[in-house]
Amino acid sequence: MKSNAKIWAILAVGTLLLGGCEQTATKQIQVKPPAATPVPPLDAARLPLPRPTRPIQWASLTPAVPPAMDVLVGQVQASYDAGQSAYKAGNLDKAQANFDQAVDLMLASGVPTESDPRLSKLFDDIGEAIHSDDLSAEKVDTDVDQEDAEAPAEPAPIDEIADLTLPAGDPRLALKAEKELISVRHDLPLTVNESVLQYLSFFTTTRGRAIVEHGLQRAGRYNAMIRRVLREEGVPEDLIYLAQAESAFQPDAVSRAGARGIWQFMPYRGEEYDLERTYWVDERSDPEKATRAAAHHMRDLYAIFGDWYLVMAAYNSGPGNVAKAIERTGYADFWELQKRNALPKQTQNYVPIILALALVAKDPGLYGVQVDPEKPPQIETISLEHPLSLQLAADAAGVGLDDVRLLNPQLLRNVTPNGQQFQLNLPAGTTKDFEDNIQQVPEDKQAIWRLHTAEQGETLSDIAQRYRVTVPAIEAANHLQPHALVPAGFLLNVPTAPPVVKLMHYRVQRGDTLAGIAGRFDVTVADLKRWNHIAGVQAARGTRLRIYAGGETPAAAPAKPKSAQVARSENLENVSSRSSEKPAALEHRVKPGETLYSIARQYQTTVSALRQSNPSLADRALQAGDVLTVQR
């Protein structure tokens, strides 16, 4: 019963509510909300911090920092892109400045370019851009301004023939060449088309035939060596004709752009393949070392392009230019790129020149070419650890100076390098005479003195006049009594004076360091700083440095204070009195830029004596910071 009563009560309340709804529809009732209770302000400083539910990963809160290599690549890429934009806009000066900045970034980082493929590619691209025809056309070589000039250079034949505009080829030669292709051996793809035929026809003209004959005559000196090296490095032997096109096998050939040697390496590319270039030597002119470097380079290019015609094109204009031409046209075929003028004009002619030279070289008589190849040189090698005048080497070996120079084309001066081991080539059969005769010349005089064999009726006065020295000087150098008579055939030391020190100037290039410049000119860093009033550790690019080769200056060294001289004299007297049986030993800490020869000269001793007193140098090179024992 109680449950029923509850039900009726609920229904009654529901009815009242429904009625209320109808009334609100016709009459609005305003209801005031209850007053809000004021909330006191929160003191955030007193609120407890929420505790983390798991350990905080602090590394995730640090902003991400890109790796140093990515930063470097990005900076170099930005400078290179800016240079390309300026180049396309015709602003060559700005383009050069941007490219220089890109190179400076890489050099300043100290990171080897081969350590990252992106950096290596940028290095190649920048190098090709810097040495493009437009940017290098007006450049003048200002590296060294000096009277003591380098060995004379020959112009590179490729400059003469690669830019020619030739008439159509003789179709009769095409038939000869096609027959030749069937009969001759070749390991490089050879073809005869209109471009090749044009150069084949040119090489049958008087001017063209002279170029080919000169190259094939010179080829006799290096043919066997070049083919051996190419074979050892796994590239086609017929690439030898690339060297004929580039230089006509002249180790001292230099192009307008500064490429040098049989294989015409630019400086930056030579350095990439470990060809040394200093004040004394340029290994781009070393026939065998340059051939091996060229084989490595072409093998690397084949790994990129997989086609020997494209390899030759890239050798001439750079892999970046060829890659861009392929990307722009969609053709990875040299002849298609040539047809579309996608490559520089010289490169378009470059491959046909090499193919035409190969065809002529394989059967010269077919094209009316007469060849009397030179004989390969027969040489013997001696190892030198101190500088040696080439003229003295020729005197001791009994040959002419030109004979020695011809066998050592990498030498830029008439003396071998200072402070490093050097392999000197001499004509075969002369090394015994050389070794016997050179012993009578003091080691520290071998960069200066001469040897002379007295002739019948010749007097010391005659000899002194010939070499512009005095008779007493000759007598002293040979331990002769005054007014002595020397018989015919007697070998005399001639104490010729050292070369007059000549002031040279060098303009600091990008990437140069004082240590590098000092090493190139065989002086010390301290000398460079003293001559040029440099207080810091570097010279700004563009600075014109004064340099005295060998570290000598025309001015005498300032006199020491008397007290210092007296103290030094007393010290030496004390040392000598303590040891009367053997010379006193001093210690010398090697400074950056010093060599064994410069140290020996400083203490009036010899390189051999230094090595003997310091056995640790037998199996390693001299390093800055070494402490040497010097016997006085």
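Residues numbered from 1 in each chain as written. Predicted model: local features only at pLDDT ≥ 70, side-chain atom pairs only at ≥ 80, totals over all residues. Heavy atoms only, no water.

Summing up its helical and strand segments, the protein has 27 helices and 11 strands in all. Across the 632 residues in the protein, those meeting the buried criterion constitute 42%. When contacts within the protein are restricted to residue pairs at least 6 apart in sequence, long-range pairs at least 24 apart make up 68% of them. Summed over its atoms, the accessible surface of the protein is roughly 35,700 Å², and 54% of this surface lies on carbon and sulfur atoms. (Helix = DSSP H or I, 4+ residues; strand = E, 2+ residues; numbered from the N terminus. Buried < 20%, exposed > 50% of the residue type's maximum accessible area, 1.4 Å probe, protein only. Contact = heavy atoms within 4.5 Å. Areas by Shrake-Rupley, 256 points an atom, 1.4 Å probe, with all protein chains shown as cover.)

A word on the packing of helix α14 (residues 308-317) against helix α17 (residues 345-362). Here α14 crosses α17 at 125°, and the two axes come no closer than 9 Å. The angle between the axes of α14 and α17 places the two elements in the oblique class. Read as a crossing pair, α14 and α17 show a hand that is right-handed. Here Tyr309, Met312, Ala313, Tyr315, Asn316 and Ser317 of α14 lie close against α17, whose contacting residues are Gln346, Thr347, Tyr350, Val351, Ile354 and Leu355. Taken together, the residues of the contact of α14 with α17 break down into eight nonpolar, four polar and no charged. (Axes fitted to C-alpha atoms, helices over the stretch in contact; angles between N-to-C directions. Parallel < 35°, antiparallel > 145°, perpendicular 65-115°, else oblique. Left-handed = near helix turned anticlockwise from the far one by under 90°. Nonpolar A, V, L, I, M, F, W, Y, C, P; charged D, E, K, R; others polar.)

The next point concerns the environment of Asn532. The topology assignment puts Asn532 in helix α24 (residues 525-532). For Asn532, the contacting residues outside a window of four places in its chain are Arg544, Leu545 and Arg546.

Our focus in this paragraph is the packing of aromatic side chains. Here the structure, examined in full by the defined rule, presents eight aromatic pairs. For the ring pair Tyr302 and Trp308, a centre distance of 4.3 Å and an interplane angle of 20° mean the geometry is stacked. A residue is classified by how much of its surface remains accessible, and Trp308, at 14% relative accessible area, is buried. Feature note: the residues Tyr199, Phe202 and Phe203 constitute an aromatic cluster, connected by ring pairs. (Phe/Tyr/Trp six-rings, centres within 6.5 Å; stacked < 30°, edge-to-face > 60°.)

Taking 1.5 Å per residue as the helical rise, α17 with its 18 residues ought to reach 26 Å, and the 27 Å between its terminal C-alpha atoms agrees with that figure. Counting buried positions over the 18 residues of α17 gives 16, a clear majority of the element. (Expected span 1.5 Å × (residues − 1).)

All right, on to unusual backbone geometry then. Of note in the backbone geometry, Phe249 takes a positive phi value of approximately 60° without being a glycine. Assignment of secondary structure puts Phe249 in the loop between α11 (240-247) and β3 (253-254).

Let's shift gears to the pattern of salt bridges. Applying the stated criterion to the full structure yields 24 salt bridges. Across the pair Arg231 and Glu237 runs a salt bridge whose closest N-O atoms are separated by 3.2 Å. In this structure, Arg260 and Asp282 form a salt bridge, with 4.0 Å as the shortest nitrogen-oxygen distance. Note that Arg260 is positioned in the loop between β3 and α12 (267-272) and Asp282 in the loop between α12 and α13 (287-305), a separation of 22 residues in sequence. Classification of Arg260 by relative accessible area gives buried; the value is 7%. What emerges from the salt-bridge pattern is a single network uniting Arg228, Glu232, Glu233, Glu288, Arg292 and Arg299. (Salt bridge = Lys/Arg side-chain N within 4 Å of Asp/Glu carboxyl O.)

All of the buried residues along helix α15 (residues 319-329) are Pro319, Gly320, Val322, Ala325 and Ile326. Gly330, located one to two residues past α15, shows a positive phi value of around 85°.

We now examine the nonpolar core. The biggest cluster of nonpolar side chains holds 77 residues, and the ones touching the most others in it are Leu200, Phe203, Trp263 and Met298. Here this core gets 11 residues from one element, more than from any other, and that element is α17. Leave out the neighbours within four places in its chain, and Leu200 touches Leu173, Ala177, Ala356, Leu359, Val360 and Tyr367. The next biggest cluster of nonpolar side chains, apart from the first, holds 41 residues, and it includes Tyr279, Val415, Ile534 and Tyr548. (Core = buried A, V, L, I, M, F, W, Y, C linked by side-chain atoms within 4.5 Å.)

Quick look at the confidence of the model for the protein now. Put simply, the protein has an average pLDDT of 78, and 74% of its residues get 70 or more. Considering only residues more than four positions removed or in separate chains, one finds that residues 58-63, a stretch of pLDDT under 50, has one contact. In the predicted structure, residues 550-583 sits below a pLDDT of 50 and forms 22 contacts with residues beyond four places in sequence or in another chain. (pLDDT = per-residue confidence, 0-100.)

At a closest axis distance of 8 Å, the pairing of helix α9 (residues 194-202) and α17 adopts a crossing angle of 55°. As judged from the angle between their axes, α9 and α17 are oblique. Viewed along their axes, α9 and α17 form a crossing whose handedness is right-handed. Of α17, the residues touching α9 (which contributes Ser195, Val196, Tyr199 and Leu200) are Asn349, Pro352, Ile353, Leu355, Ala356, Leu359 and Val360. Considering only residue class, the contact of α9 with α17 consists of nine nonpolar, two polar and no charged.

This part is about the side chain of Thr416. For Thr416, the position within the fold is in the loop between α19 (401-407) and β5 (422-427). At 2.8 Å, the side chain of Thr416 forms a polar contact with the backbone nitrogen of Leu388. Those residues within four positions of Thr416 in sequence are excluded, and the remaining contacts are Trp280, Leu384, His386, Pro387, Leu388, Leu390, Leu411, Phe422 and Leu424. (Polar contact = N/O pair within 3.5 Å; in protein donor to acceptor, adjacent residues only side chain to side chain.)

Position of Ala473 relative to the elements: it lies in helix α22 (residues 471-477). Sequence separation of Ala473 and Pro495 is 22 residues, and the distance between their C-alpha atoms is 6.7 Å.

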